[in-house]
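# Tertiary structure, described
Spelled out, the chains give:
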Amino acid sequence: MEKRAIVMGASSGMGYEVARILLADGWHVGLAARRLDWLDEMGKEFSGQVVTEKIDVTMDDAPRKWHALVEKLGGVDLYFHASGIGKQNPDMVEEVEMSTVNTNAMGFTRMIDAAFNYMKGHGGGHIAVISSIAGTKGLGPAPSYSATKAYQNTYIQALEQLSNTKGYNIRFTDIRPGFVDTPLLAGGSYPMLMDQRRVARQIVKAVYAKKHVQVIDWRYALLTWFWRLIPNFIWRQIKLCR
C-alpha cells in the first residue's frame, strides 16, 4: 500500500533529512518550504515519488497551499512539521521575539489545524512535530523560543486528547531534540551538539513506533528530567546567559 507524507520545512535541516529517509523507505512525499531549489533537487533524485509546493507558514494562504499539495500527492497519511525558527535573544530585540512567535506559534497553529481538520474528515492519520527540549522550562536566553516550544507541546497534547475523545483516529508524535548541527545553529557555540543525520534516523524511528513524546537523545532526556526536578524558586535564579 502506498504511503504518503507531507514534510513542512523540507528545504534544510531536520525536515530535509527526514524527507530523504522517508523517500528512501519508499514513501511518496509532498515537500513544502519557502525555498524550492533543494526540493527540486530531491524531486530529480527520487523521480516519481515527489511533489512540491512553495509554502510560507506565516502567510494566510498557507493552509490553501497545503491542501493543494495534498491533492497533488493523492492524500496524506503522515504530516511532519519541521518548520520553525529560534535564536538566543537576551537583549530582547522585539523583531526576534515577534518573528519567533509568528512562525513557531501562529504558523505552527495554522498548519497543524489544517492537517488535523483534513485528517478528521479522511479517516485519521499521524501528525509529527519537531518541538524542542526548550519547552521544558522557561529559558532566559531565548524567551520566545522556549515559550513557543512549550506551546507546541501543550497544543498537540490537547489535540490528541480531542482526537481520542471524538474518535478521529489521529495520532501525534512530539519530537524534542536538543542542539542539532543544522543551519539554524550555524555560527554559534553549543554543548552536546548532535549530528543531524543521526538525529533524523532517531526521529523517523520514533515516528514509525508511533511514540507520543520522544526526547532525542539519552543525554537530553536525562537533562530535562533533572530540569523538572529543580523548584521554580531556584530555577528563577539560575544564570543561563553569558
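Above: the structure in question.
Here's a quick rundown of the structure. These numbers come from a predicted model, not from an experiment.

### Some details on the overall build of the chain
- Within the chain one finds 8 helices and 7 strands.
- Rg of the C-alpha trace for the chain: 18 Å, near the compact-globule value of 18 Å for 242 residues, within the 12% margin.
- Its C-alpha atoms put the chain at 55 × 40 × 35 Å along the principal axes.
- At a minimum sequence separation of 6, the contacts of the chain that also span at least 24 residues come to 64%.
- With an accessible surface of roughly 12,400 Å², the chain has 53% of that area assigned to carbon and sulfur atoms.

### Digging into the sheet that holds strand β4 (residues 78-81)
- Spatial strand order, β3-β2-β1-β4-β5-β6-β7: 7 strands in an open sheet with parallel pairing. Either end of the sheet is taken by a strand with one partner, and the two such strands are β3 (50-54) and β7 (213-216). Averaged over all pairs of adjacent strands, the angle between their axes in this sheet comes to 15 degrees, without regard to strand direction.

### Points about the packing of aromatic side chains
- On inspection of all chains with the given rule, the structure shows 9 aromatic pairs.
- Relative to Tyr 79, the ring of Trp 66 has its centre 5.8 Å away and its plane inclined at 90 degrees; by these criteria the two rings are edge-to-face. Taken together, the residues Trp 66 in helix α3 (residues 62-73) and Tyr 79 in strand β4 connect sequence positions 13 residues apart.
- Note on Trp 66: relative accessible area 0%, which makes it buried.
- Through pairs of rings, three or more aromatic residues link up here, namely Trp 66, Tyr 79 and Tyr 118.

### Re a nonpolar patch on the surface
- A cluster of nonpolar residues, Trp 218, Leu 222, Trp 225, Phe 226 and Leu 229, forms a patch on the protein surface that exposes about 640 Å² of accessible area.
- With respect to the element layout, Trp 218 can be found in helix α7 (residues 218-229).

### Here's the deal with the nonpolar core
- By size, the foremost hydrophobic cluster in this structure holds 30 residues, and its most contacted members are Leu 22, Leu 31, Phe 80 and Ile 203.
- Elements supplying a minimum of two residues to this core: β1 (4-8), α1 (13-24), β2 (28-33), α2 (37-45), β4, β5 (125-130) and α6 (196-208).
- Ranked by the residues each element gives to this core, the list is headed by α1, at 7 residues.
- If near-sequence neighbours (up to four positions away) are discounted, Ile 203 is found in contact with Met 14, Val 18, Phe 80, Ile 130, Ile 175 and Ile 216.
- Membership of the second largest hydrophobic core comes to 27 residues, among which are Tyr 79, Met 111, Ile 127 and Ile 156.

### Considerations on the pattern of salt bridges
- One pass over the structure, following the stated rule, counts 10 salt bridges.
- Linking Arg 20 and Glu 45 is a salt bridge whose minimum nitrogen-to-oxygen distance equals 2.7 Å. Of this pair, Arg 20 sits in helix α1 while Glu 45 sits in helix α2; the two residues are 25 residues apart in sequence, bridging distant segments of the chain.
- The exposure class of Arg 20 is partly exposed, given its relative accessible area of 23%.
- Given the relative accessible area of 46%, Glu 45 is considered partly exposed.
- For Arg 176, the salt bridge is made with Asp 174, and the minimal N-O distance between the two is 3.0 Å.
- For Asp 174, a relative accessible area of 2% translates into the label buried.
- One continuous salt-bridge network, built from bridges that share partners, spans Asp 61, Arg 64 and Lys 65.

### Examining α6
- Relative to the 18 Å expected for 13 residues at 1.5 Å per residue, α6 spans 18 Å between its end C-alpha atoms, a close match to the ideal helical length.
- Along α6, the residues that are buried comprise Gln 196, Val 199, Ala 200, Ile 203, Val 204, Ala 206 and Val 207. For α6, the angular spread of buried residues about the axis comes to 160 degrees, placing them on one side. Residues of α6 that are exposed and point more than 90 degrees away from the buried face comprise Arg 197, Arg 201 and Lys 205.
- On the buried face of α6, the contacting elements are α1, β4, β5, β6 (170-177) and β7.

Thresholds applied
- Residues numbered from 1 in each chain as written.
- Predicted model: local features only at pLDDT ≥ 70, side-chain atom pairs only at ≥ 80, totals over all residues.
- Heavy atoms only, no water.
- Helix = DSSP H or I, 4+ residues; strand = E, 2+ residues; numbered from the N terminus.
- Rg over C-alpha atoms; globule rule 2.2 N^0.38 Å.
- Contact = heavy atoms within 4.5 Å.
- Areas by Shrake-Rupley, 256 points an atom, 1.4 Å probe, with all protein chains shown as cover.
- Pairing = 2+ DSSP bridges.
- Axes fitted to C-alpha atoms, helices over the stretch in contact; angles between N-to-C directions.
- Phe/Tyr/Trp six-rings, centres within 6.5 Å; stacked < 30°, edge-to-face > 60°.
- Buried < 20%, exposed > 50% of the residue type's maximum accessible area, 1.4 Å probe, protein only.
- Patch = residues over 30% accessible without salt bridge, like charges linked within 9 Å, V, L, I, M, F, W, Y side chains within 5 Å.
- Salt bridge = Lys/Arg side-chain N within 4 Å of Asp/Glu carboxyl O.
- Core = buried A, V, L, I, M, F, W, Y, C linked by side-chain atoms within 4.5 Å.
- Expected span 1.5 Å × (residues − 1).
- Arc of directions from axis to C-beta.

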